[in-house]
Amino acid sequence: MTKRSSELTITLEGVDVEFGSGFPGAHLALRGVDLTLEVAGCLAVIGPTGAGKTTLLEVAAGLLAPTRGDVRLSMGDSVSDSPLRSSAGLVYQFPELQFFEDTVYEDVAFGPRRMGLDESEVSARVADALERSGLSPDAFEGRDLTTLSAGEKRRAAIAGILALERPFLLLDEPTAGLDPATRECVVDLLLSESEARGVALVSHDLELVDRVATRTVVMNEGSIAVDDETSRVLSDVAGLEALGLAPPVEYALLSLVRERAPAEARRVRRALFDARVADANT
Amino acid sequence: MNGSRASQGATIRFDRVTFAYTPGGRPAVSDLSLEIRPGESVVIVGPSGSGKSTVLKLLDALVLPQEGHVLVDGIDTRDQERLWDIRRRVGLIFQNPDNQLVSTTVEREIAFGMENLGLQRSEIARRIEEVTERLGLGKLLSRPPHKLSGGEKQRVAVAAVLAMRPACLALDEPTSLLDWQGRREIWSILRAVGDEPSRTVLHVTQFPDEVALGSRALVIAGGELVFDGTPTELFAGAGRAARWGLRSPATMTVAESLRGAGYSVPEGIPSLEDLVDAVARGAEGRAT
């Protein structure tokens, strides 16, 4: 992160990704995708299974080159010369399946060491990343990874990416399979990280999306169907259900109230919204 | 439809059961006693690592208690000679359907368990037809299981187990890897199966919204049984469920907000329909 990193953006323009090009069964996973990621705030990518959500993250992280179209990192108006890959960190789905060191410290330190940092900087980054993931460095650095609970493993795996200190943090289904308590930790982490860097996450959990994302992209069959403010996207209950996505209860209720007791819609809306503001203040 | 049902649900008893995965280590289940009557539909919740899944493994004799006894219809799971009788009574569904699908087509998958029970071909065909109709799998019969969606796979796994007509259906977080569509499919099956008086259902879950699928809720925390009551009782009163890391179902939180705005919402765990009804009634109340 160098000068004026607040103007850093990842831009995808007309991106197609085709798997198995030229072979029978070739599959177009992304079709003409245009998307801009800014270096602060949280963007959610939602859509049915097979819509291309994970592929989109891989392209934005610089791990997968588009078959057609363009992906670039810009600083203000000029194209940045630092490679995309060193600007974004990608947390894959079930990242805890990819541990390969013995202890929490060694695993989180792996990335920073490969960046050529000296050991004192590595150790500072490990402690900081664990702290941000909700794991106390003193208690966890020396732990054998195999002895962690499922929720602790997930957080340690995310810490490994946080330690890279990239301006963009991309996550694929970060709360899948988590217990409610660990899920809350991940919510806190997403909220605080999105103040410092650009966060983009793929999720089926629209209640999570509602709480953390300011902007939401809906994908279907490889294309971006909607790109709008999260509350607006979630208000299209019928549209979400048609894609097999579950709108949060508040939105589903409001939509039914509009049909059955339209005169109450404003009152219900205020009741649900006021409750949230109260929650946020406690 | 009758044919797909067990003649009678199983009775399950845990009598002061203690089990540790490493002998002498921290027990996953500790001094656990409980009794489940035939036909009951029980949901087991608790934080991760609380011992919920271990209860199901103990039930199916996949692991044996170091202390105490697990009895299925009076048969002790430690009685190695009667292992077959226990496994025939308890049908287990795992979290990840990929771990239990083994065949090349859905039809063969459903037949697999029954073939191992030694059933006649005609009987197998009859039961396949029944569960296929019941779980809406008709279009999938000739498809390879590995090409199905997560929800479809889990439905096939449930169908294969139901076709064996176990007196007890035990499910370990069957929806946790599924998307919403898949979860809804499994929910409707669980509601139907839970209503059958002839089948005992044990459903382990982390989702508070799924607790209402059963008529009885158990909370296991730190390997111990800390709550045994109805789903409504579990979430009644502030903070009780939260102590074990359980959030209230989302509809209950919304119900609370609606009450704050003057709507009269019945106590308990409401469905979305209940909430809309409460709002509509409120409108009528003010109109008259």
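The model shown is predicted, which means the values in this text are computed figures rather than measured ones. (Residues numbered from 1 in each chain as written. Chains lettered and ligands numbered in written order. Predicted model: local features only at pLDDT ≥ 70, side-chain atom pairs only at ≥ 80, totals over all residues. Heavy atoms only, no water.)

**Comments concerning the overall build of chain A**
So, point 1. Helix and strand content of chain A: eleven helices and ten strands.
So, point 2. Seen along its three principal axes, the alpha-carbon backbone of chain A occupies a region of about 65 × 50 × 40 Å.
So, point 3. In chain A, which carries 28 positive and 46 negative side-chain charges, the distance between the mean positions of the two groups comes to 4 Å. (Helix = DSSP H or I, 4+ residues; strand = E, 2+ residues; numbered from the N terminus. Lys, Arg positive; Asp, Glu negative; His and termini not counted. Charge placed at Lys NZ, Arg CZ, Asp CG, Glu CD.)

**A closer look at the interface of chain A and chain B**
So, point 1. The interface of chain A with chain B comprises 29 residues on the first partner and 26 residues on the second.
So, point 2. Carbon and sulfur atoms supply 65% of the area that chain A and chain B bury against each other, a total of about 2400 Å² over both sides.
So, point 3. The interface formed by chain A and chain B includes three salt bridges.
So, point 4. Across the pair Arg 260 of chain A and Asp 277 of chain B runs a salt bridge whose closest N-O atoms are separated by 2.9 Å.
So, point 5. Taken together, chain A and chain B are joined by five residue pairs in polar contact (both at pLDDT 80 or more).
So, point 6. For the side of chain A that touches chain B, the secondary structure elements donating two or more residues are helix H6 (180-196), helix H7 (206-212), helix H10 (249-260) and helix H11 (265-281) of chain A.
So, point 7. In terms of residue count, the dominant contributor to the side of chain A that touches chain B is H10 of chain A (seven residues). (Contact = heavy atoms within 4.5 Å. Buried area = accessible area lost by both parts, 1.4 Å probe. Salt bridge = Lys/Arg side-chain N within 4 Å of Asp/Glu carboxyl O. Polar contact = N/O pair within 3.5 Å; in protein donor to acceptor, adjacent residues only side chain to side chain.)

**Description of the sheet that holds strand E7 (residues 168-172) of chain B**
Residue and element names in this part refer to chain B.
So, point 1. Pairing within the open sheet is mixed, and its six strands lie in the order E6-E7-E8-E3-E9-E10. This sheet does not close on itself; its edge strands, each paired only once, are strand E6 (90-93) and strand E10 (224-229). Strand-to-strand twist across the sheet, computed as the mean angle between neighbouring axes with direction ignored, equals 20 degrees.
So, point 2. Sheet analysis places strand E3 (residues 41-45) next to strand E8 (residues 200-205), joined by five bridges and oriented parallel. Note on E8: the bridge partner recorded for Val 45 is Thr 205. (Pairing = 2+ DSSP bridges. Axes fitted to C-alpha atoms, helices over the stretch in contact; angles between N-to-C directions.)

**A look at the nonpolar core**
So, point 1. Ranked by internal contacts, the top residues of the largest apolar core, which has 46 residues, are Ile 46, Val 108, Leu 190 and Val 212 of chain A.
So, point 2. Domain assignment of the residues forming this core places at least three in each of domain 1 (1-87 + 167-229) and domain 2 (93-165) of chain A.
So, point 3. What Val 212 of chain A contacts, discounting residues up to four positions off in sequence, is Cys 42, Val 187, Leu 190, Leu 191 and Leu 201 of chain A.
So, point 4. If you look at the next biggest cluster of nonpolar residues, it comprises 31 residues, including Ile 93, Ala 159, Ala 163 and Val 201 of chain B. (Core = buried A, V, L, I, M, F, W, Y, C linked by side-chain atoms within 4.5 Å. Buried < 20%, exposed > 50% of the residue type's maximum accessible area, 1.4 Å probe, protein only. Domains from an automatic or database assignment.)

**Examining the domain arrangement of chain A**
Residue and element names in this part refer to chain A.
So, point 1. The assigned domain composition of chain A is domain 1 (1-87 + 167-229) and domain 2 (93-165).
So, point 2. Placing the centre of domain 1 and that of domain 2 at their C-alpha centroids yields a distance of 23 Å.
So, point 3. Contact with domain 1, which involves 14 residues of that partner, is made by eleven residues of domain 2.
So, point 4. At the boundary of domain 1 with domain 2, total buried surface from both sides reaches about 1100 Å², with 60% on carbon and sulfur atoms.
So, point 5. Taken together, the links from domain 1 to domain 2 amount to two salt bridges.
So, point 6. In this structure, Arg 132 and Glu 193 form a salt bridge, with 2.9 Å as the shortest nitrogen-oxygen distance.
So, point 7. Listing elements by their share of the side of domain 1 that touches domain 2, those giving two or more residues are strand E7 (168-172) and H6.
So, point 8. It is H6 that contributes the most residues to the side of domain 1 that touches domain 2, four residues altogether.

**Things to note about the sheet that holds strand E1 (residues 12-19) of chain B**
All names here are of chain B.
So, point 1. Pairing within the open sheet is antiparallel, and its four strands lie in the order E2-E1-E4-E5. The two strands at the open ends of the sheet, each matched to only one other strand, are strand E2 (29-36) and strand E5 (75-76).
So, point 2. The pairing of E1 with strand E4 (residues 67-72) spans five bridges and is antiparallel. Residue pairing for E4: Arg 13 is matched across the bridge by Leu 71.

**As for helix H1 (residues 53-60) of chain A**
Residues and elements named next belong to chain A.
So, point 1. A large share of H1 lies buried, amounting to seven of its eight residues.
So, point 2. Where H1 is concerned, the buried positions are Lys 53, Thr 55, Leu 56, Leu 57, Glu 58, Val 59 and Ala 60.
So, point 3. The positive-phi residue at the C-terminal boundary of H1 is Gly 62, with phi of around 80 degrees.

**Observations concerning the environment of Pro 97 of chain B**
Residue and element names in this part refer to chain B.
So, point 1. Tracing the backbone shows Pro 97 in the loop between E6 and helix H3 (106-116).
So, point 2. Put simply, Pro 97 and Glu 109 are twelve residues apart on the chain and 12 Å apart in space, counted from C-alpha to C-alpha.
So, point 3. Residue contacts for Pro 97: discarding those within four places in its chain leaves Gly 150, Lys 153 and Gln 154.

**As for the packing of aromatic side chains**
Two measures describe an aromatic ring pair: the distance that separates the ring centres and the angle between the ring planes.
So, point 1. Going through the model one piece at a time under the given rule, you end up with three aromatic pairs over all chains.
So, point 2. Judged by centre distance (4.7 Å) and plane angle (90 degrees), the rings of Phe 100 of chain A and Phe 110 of chain A are edge-to-face. One end of the pair, Phe 100 of chain A, is in the loop between strand E6 (88-91) and helix H2 (104-114); the other, Phe 110 of chain A, is in helix H2, and ten residues separate them in sequence.
So, point 3. Using a relative accessible area of 27% as the deciding quantity, one classes Phe 110 of chain A as partly exposed.
So, point 4. The cationic tip of Arg 267 of chain A hangs over the ring face of Tyr 263 of chain B; the distance from NZ or CZ to the ring centre is 5.4 Å. (Phe/Tyr/Trp six-rings, centres within 6.5 Å; stacked < 30°, edge-to-face > 60°. Lys NZ or Arg CZ within 6 Å of the ring centre and 35° of its normal.)

**A closer look at the domain arrangement of chain B**
You'll often see interface size given as the accessible area lost when the parts meet.
Residue and element names in this part refer to chain B.
So, point 1. Partitioning chain B into structural domains gives domain 1 (12-232) and domain 2 (249-288).
So, point 2. Of note, the centres of domain 1 and domain 2, computed from C-alpha atoms alone, are 34 Å apart.
So, point 3. Opposite the five residues of domain 1 that make contact, domain 2 presents four residues.
So, point 4. Buried area between domain 1 and domain 2, both sides added, is near 360 Å², and the carbon and sulfur share of it is 69%.
So, point 5. Summed over the three residues of domain 1 that lose the most area to domain 2, namely Pro 208, Asp 209 and Thr 232, the buried surface amounts to 74% of that side.
So, point 6. The tally of links from domain 1 across to domain 2 stands at zero salt bridges.
So, point 7. At the junction of domain 1 with domain 2, the criterion picks out one residue pair in polar contact (both at pLDDT 80 or more).
So, point 8. Along the lines of polarity and charge, the residues of the side of domain 1 that touches domain 2 split into three nonpolar, one polar and one charged. (Nonpolar A, V, L, I, M, F, W, Y, C, P; charged D, E, K, R; others polar.)

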